[in-house]
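Here is what each chain is made of, one letter per residue.
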Amino acid sequence: MKNKIVAALLAFFLGIFGVHKFYLGENLGGVVYLLFSWTFIPGFLAFFDFLGLLLMSDQAFNAKFNPGIPYSVLDGSRSAQDITVALAQLKKLYDQDAITAEEYEEKRRKLLNEL
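Report on the accompanying structure. Owing to the predicted nature of the structure, the values given are computational and were not obtained by experimental measurement.

Regarding the pattern of salt bridges
Thinking step 1. Tallied over the full model, the rule gives six salt bridges.
Thinking step 2. Among the salt bridges present, the one from Lys21 reaches Glu26, with a minimum N-O distance of 3.1 Å.
Thinking step 3. Classification of Glu26 by relative accessible area gives partly exposed; the value is 26%.
Thinking step 4. The salt bridge involving Glu105 is made with Arg108; its shortest N-O contact spans 2.9 Å. On the criterion of helical spacing, the pair formed by Glu105 and Arg108 is a turn pair, its members being three residues apart in helix α8 (residues 101-113).
Thinking step 5. Take Glu105: its relative accessible area is 28%, and that puts it in the partly exposed class.
Thinking step 6. Shared partners join several salt bridges into a network, and the residues in it are Lys21, Glu26 and Asp49.

Structure, rendered in C-alpha cells:
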C-alpha cells in the first residue's frame, strides 16, 4: 500500500532522480526523470508533483495509486460481506489449531459487533 506523505517527501527530497515515480509505480516516468536529472528540469517538475501530492485528497490518491485495495479497508469500515469472509477465515484458523479458543471467541465477538 502506497502512502501519500511518503510519496510527497520522496518528490521533495529525491524528486530530481524520479524516486517518487518509482515508488508510485510509474517506472517509465522514473526512468525519464533519472535520464534527464542532469538538466535539473525533473527537479522543477518534482516540485509540482510534490505540491500535487499534498493537495490531492486521500480518496483520489488511493483510487489512483492503491487501486487493488477496497476503500472500505482503507477507511476502517467493513461491509457485511467482508465481515462474513473474515469470520470464515477466523474459523478456518481455529479449526487448524492456529489460534486458541479464547482468541477465536474474542476476535469473533469483535467482528460480530461490527455488523
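From this point, the discussion proceeds with the structure in view.
Regarding the packing of aromatic side chains
Any aromatic ring pair is given by two values, namely how distant the centres are and how the planes are angled relative to each other.
Thinking step 1. Under the definition given, this model contains six aromatic pairs.
Thinking step 2. When the ring of Phe47 is compared with that of Phe50, the centres are 6.2 Å apart and the planes differ by 35°; the resulting orientation is tilted. A residue pair is termed a helical-turn pair when its members lie 3 or 4 positions apart in one helix, as Phe47 and Phe50 do in helix α4 (residues 41-55) at three residues.
Thinking step 3. Judged by relative accessible area, which is 15%, Phe50 ranks as buried.
Thinking step 4. An aromatic cluster is present here, built from Phe12, Phe13, Phe47, Phe48 and Phe50 joined pairwise through their rings.

Some words on the environment of Phe13
Thinking step 1. Mapped onto the elements, Phe13 comes out in helix α1 (residues 4-14).
Thinking step 2. Look at Phe13 and you get exposed, because its relative accessible area is 58%.
Thinking step 3. Separated by 79 residues in sequence, Phe13 and Lys92 have C-alpha atoms that sit 46 Å apart.

Description of the packing of α1 against α4
Thinking step 1. Between α1 and α4, whose axes approach to 8 Å, the crossing angle comes to 160°. Classified by the angle their axes make, α1 and α4 are roughly antiparallel. Like other packed secondary-structure pairs, α1 and α4 cross with a definite hand, here left-handed. Touching Lys4, Ala7, Ala8, Ala11 and Phe12 of α1 are Ala46, Phe47, Phe50, Leu53 and Leu54, all from α4.
Thinking step 2. The residue inventory of the contact of α1 with α4, partitioned by class, reads nine nonpolar, no polar and one charged.

Basis of the calculations
Residues numbered from 1 in each chain as written. Predicted model: local features only at pLDDT ≥ 70, side-chain atom pairs only at ≥ 80, totals over all residues. Heavy atoms only, no water. Salt bridge = Lys/Arg side-chain N within 4 Å of Asp/Glu carboxyl O. Buried < 20%, exposed > 50% of the residue type's maximum accessible area, 1.4 Å probe, protein only. Helix = DSSP H or I, 4+ residues; strand = E, 2+ residues; numbered from the N terminus. Phe/Tyr/Trp six-rings, centres within 6.5 Å; stacked < 30°, edge-to-face > 60°. Axes fitted to C-alpha atoms, helices over the stretch in contact; angles between N-to-C directions. Parallel < 35°, antiparallel > 145°, perpendicular 65-115°, else oblique. Left-handed = near helix turned anticlockwise from the far one by under 90°. Contact = heavy atoms within 4.5 Å. Nonpolar A, V, L, I, M, F, W, Y, C, P; charged D, E, K, R; others polar.

Distances and angles like these do not, on their own, reveal function.
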